[in-house]
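Structural overview
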Amino acid sequence: MSTPPLEAPPLPAPSTHAFWPGWPEVVQDLRGGIGLLVGVALTGIPAGLLWWLLAPEAVYRITDDGPVPVGAQVGEIQAGADAVLVLVLLGLGLVVGFAAWLLRSRRGVGTLVVLSVGGCLASVVAWQFGELLRRPPTEAEIADVGSTVTTGLVLGSLPVLAATSFAALLAYLICVMVVADDGLDRT
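Computed from a prediction, not measured in an experiment: that's the story for all the values here.

**Quick word on the sheet that holds strand 2 (residues 66–69)**
Judged by pairing direction, the sheet is antiparallel, and its 3 strands sit side by side in the order 2-1-3 without closing on themselves. In this open sheet, the two strands that pair with only one neighbour each are strand 2 and strand 3 (148–150). Taking the axes of each pair of neighbouring strands and ignoring which way they run, one obtains an average angle of 40° across the sheet. In terms of strand pairing, strand 1 (residues 59–63) meets strand 3 through 3 bridges, oriented antiparallel. Across the sheet, arginine 61 pairs through a bridge with threonine 148, a residue of strand 3.

**Quick look at the nonpolar core**
Of all hydrophobic cores here, the largest spans 27 residues; its most connected members are Trp51 and Leu89. For this core, the secondary-structure elements that each account for two or more residues are helix 2 (34–42), helix 3 (44–54), helix 4 (77–102), helix 5 (109–133) and helix 7 (163–178). The element best represented in this core is helix 4, accounting for 9 residues. What leucine 89 contacts, discounting residues up to four positions off in sequence, is Ala47, Ser123, Ala126, Val160, Leu161, Ala163 and Thr164.

**A few points about the pattern of salt bridges**
Summed over the entire model, instances satisfying the criterion amount to 1 salt bridge. One salt bridge connects arginine 134 with glutamate 57, and the closest N-O pair in it is separated by 3.4 Å. With arginine 134 in the loop between helix 5 and helix 6 (139–143) and glutamate 57 in the loop between helix 3 and strand 1, the pair connects residues that are 77 residues apart, well separated along the chain. With a relative accessible area of 7%, arginine 134 lands in the buried category.

**Some remarks on the packing of aromatic side chains**
In the structure shown here, the tally under the stated rule is 1 aromatic pair. Ring geometry for tryptophan 101 versus tyrosine 172: centroids 5.5 Å apart, planes at 75°, classification edge-to-face. Taken together, the positions of tryptophan 101 in helix 4 and tyrosine 172 in helix 7 put the pair 71 residues apart, joining distant regions of the chain.

Reading the values: rules and limits
- Residues numbered from 1 in each chain as written.
- Predicted model: local features only at pLDDT ≥ 70, side-chain atom pairs only at ≥ 80, totals over all residues.
- Heavy atoms only, no water.
- Pairing = 2+ DSSP bridges.
- Helix = DSSP H or I, 4+ residues; strand = E, 2+ residues; numbered from the N terminus.
- Axes fitted to C-alpha atoms, helices over the stretch in contact; angles between N-to-C directions.
- Core = buried A, V, L, I, M, F, W, Y, C linked by side-chain atoms within 4.5 Å.
- Buried < 20%, exposed > 50% of the residue type's maximum accessible area, 1.4 Å probe, protein only.
- Contact = heavy atoms within 4.5 Å.
- Salt bridge = Lys/Arg side-chain N within 4 Å of Asp/Glu carboxyl O.
- Phe/Tyr/Trp six-rings, centres within 6.5 Å; stacked < 30°, edge-to-face > 60°.

Here it is, written out as structure tokens:
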């Protein structure tokens, strides 16, 4: 005599709130993220100002023989200016990513897109604003014998501009990993 096989109880129906709603949520986050995008892009202005203040510069006295460095010559002005910009943009990205996380109503995939694009815009704004504040000497200034001129700010490495987006996404994703709730505190 054989025994009938045991039957497993039926599985409970999946709840509708357990699934990611998909593109409608992303579109909603993107629509609501326009203000965040503009805010992140505008943070490039103080970042450019900070780059202008902290970046190294070389001072030259114009003589009959051409420009002569005044004081201790910094050999790697361009690398120093790029390094200062990278550090400023990384710090900006960390602050922006953490601040975006604190906006509880806008957590989601769309916020990552907004942070990425906004970080790139903030980097470009910082770059252009810094270069605008410290322009290189003109031909007339270089031809004026006896005057002193300083080097301008010029970005030598375009990949530097990815630093804000990278740091913002990193800060945001670290906050995601720290929170135990799978819903990211969203309603």
